[in-house]
Amino acid sequence: MQLYLVTGAAGFIGRSIAAALLARGELVRGVDNFITGKRANLNGLEAMEFIEGDLNDPRVCAKACEAVDIVFHEAALPSVPLSITNPIATNQCCVGATLNLLMAAQAAGVRRLVYAGSSSAYGDSPTQPKHEGMLPEPISPYAAAKLAGEHYLSAFSHVHGMETVVLRYFNVFGPHQDPTSHYSGVLAIFCRKMLAGEVPTIYGDGGQSRDFTYIDNVVHANLLAASAPAEKVRGKVMNAATGSRITLNDTFHHLRRLTGFKGSPLYAQGRAGDIRESLADITLAQKLIGYEPIVGFPEGLRRTVEWYRQSEEKSHAAQAYPSLEYA
Ligand code: UD2
């Protein structure tokens, strides 16, 4: 039986991949340092072997990679604005950690490593949709760091023959995404705020668009990338997205309907390093791994709002009755 390692297993995307693997009866090991991951995200993943540790420590990487066949590398510090205030931390968590992991994976004989790339690699070029043949043009330290990780994968694929696969995620959202930080993804922040009757802030005029991708699509792409024939995927970079886009203003209106929020957003100055338009061409992933989006944006948003609504209710109940346990 194959052993899978999920890095960032206590994060939103990592825990979702781990849950899908466990549901298929696979052997899973997870590693997380809880910088952005949450212990609560491990609820339901008790069948996973878990290592608490930082991938910047080579010993943690060696332990994590021991006897592993396939790695899903989701650990990162995923935020454009955070990378502008603290590029060193972003570099350590996205580049240093990836290089350590690759070295340990190579030493342990890991067969395949599937990497969480970012659509930010495409930068702010007006060409839409973004396809993998375009020259990367990172405009934030975060984008540069995630892209550097891609290049390290490519180098390890060439030099050591490791089966490396990059999936460039486009603005993933869904249950378990942390809504509490200023650096959280916009949909998580908006869901939490609007359900609580708080006014969300739109940076810029709200005309910026994103190919918001529901988590199940990204999990699906990862599982396909892990099982595809090596000759099709080794050293490849593929978009993982839906192939459709929506502006932030339109998203706000969808959320207004779903959450019952009655107010208007606050508009504030646009963020440095922000991208105006983001839309993926998903033809390559369709061709190489047979990927198709399985949950569209409206349904994904509906499920996401429902999940935040229920978690909010549970946390209120837990505060009222602290002795009860809510998994
Ligand atoms: C980038 C990547 C994404 C992923 C992510 C990790 C692009 C196009 N996307 O997402 O694939 O790697 O980084 O963090 O590069 N915003 C508001 N109000 C808020 C929060 C955000 O208006 O309270 C805006 C923000 O200015 C941006 C949009 O919402 O225009 C999306 O922001 P985000 O932080 O959710 O993700 P983004 O696009 O930087």
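Attention here is on the structure that accompanies the text.

Calculation rules
Residues numbered from 1 in each chain as written. Predicted model: local features only at pLDDT ≥ 70, side-chain atom pairs only at ≥ 80, totals over all residues. Heavy atoms only, no water. Helix = DSSP H or I, 4+ residues; strand = E, 2+ residues; numbered from the N terminus. Buried < 20%, exposed > 50% of the residue type's maximum accessible area, 1.4 Å probe, protein only. Contact = heavy atoms within 4.5 Å. Salt bridge = Lys/Arg side-chain N within 4 Å of Asp/Glu carboxyl O.

With respect to the helices and strands, the residue Leu 101 is situated in helix α4 (residues 87-108). Note on Leu 101: relative accessible area 0%, which makes it buried. For the pair Leu 101 and Ala 188, spaced 87 residues apart in the sequence, the C-alpha separation amounts to 29 Å. Not counting residues within four places of it along the chain, the set of residues in contact with Leu 101 comprises Leu 5, Thr 7, Leu 55, Cys 61, Cys 65, Val 71, His 73 and Leu 113.

Before going further, it helps to examine the pattern of salt bridges. Applying the stated criterion across every chain yields a total of 16 salt bridges. Taking the shortest distance from any N to any O, the salt bridge between Arg 29 and Glu 49 comes out at 3.0 Å. Of this pair, Arg 29 sits in strand β2 (residues 27-32) while Glu 49 sits in strand β3 (residues 49-52), and the two are 20 residues apart along the sequence. Its relative accessible area of 8% is what places Arg 29 among the buried residues. When the shortest N-O distance is used, the salt bridge between Asp 205 and Arg 276 registers 2.8 Å. Pair noted here: Asp 205 is in the loop between β8 (201-203) and β9 (209-210) and Arg 276 is in the loop between β13 (266-268) and α10 (283-289), with a separation of 71 residues, a long-range link. Take Asp 205: its relative accessible area is 45%, and that puts it in the partly exposed class. With a relative accessible area of 37%, Arg 276 lands in the partly exposed category. In this structure, a network of salt bridges that share partners links the residues Asp 216, Glu 299, Arg 302 and Arg 303.

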